[in-house]
Amino acid sequence: MLGLERLHPFDAHKFSKAWQLLQDRYGAALEAHTTRVPGPASDETLALVHAPAYLRSLADSVSM
């Protein structure tokens, strides 16, 4: 995060800490309730639920 986490009022590592706490408590049993995402959603999948203008705005914000 290049030091930006020190400027943010929230703990940027809270999700990894929560995940570790769950792993410590439930161990291997946690894996049975875990969904792994195989990769990012395709443009076609995103277009099913988002307006084209919104998706274009996301692409434009990356190229800034």
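Residues numbered from 1 in each chain as written. Predicted model: local features only at pLDDT ≥ 70, side-chain atom pairs only at ≥ 80, totals over all residues. Heavy atoms only, no water.

A. Seen up close, the overall build of the protein chain. Counting its secondary structure elements, the protein chain contains 3 helices and 0 strands. Its helices and strands in sequence order give the protein chain the pattern α-α-α, from N to C terminus. Burial status across the protein chain gives 5% buried among its 64 residues. Accessible surface, the protein chain as shown: approximately 6100 Å² in total, 64% of it carbon and sulfur. (Helix = DSSP H or I, 4+ residues; strand = E, 2+ residues; numbered from the N terminus. Buried < 20%, exposed > 50% of the residue type's maximum accessible area, 1.4 Å probe, protein only. Areas by Shrake-Rupley, 256 points an atom, 1.4 Å probe, with all protein chains shown as cover.)

B. Molecular detail of a nonpolar patch on the surface. Together, Trp19, Leu22 and Tyr26 make up an exposed nonpolar region whose accessible area comes to about 280 Å². Along the chain, Leu22 turns up in helix α1 (residues 14-26). Since its relative accessible area comes to 34%, Leu22 is described here as partly exposed. (Patch = residues over 30% accessible without salt bridge, like charges linked within 9 Å, V, L, I, M, F, W, Y side chains within 5 Å. Salt bridge = Lys/Arg side-chain N within 4 Å of Asp/Glu carboxyl O.)

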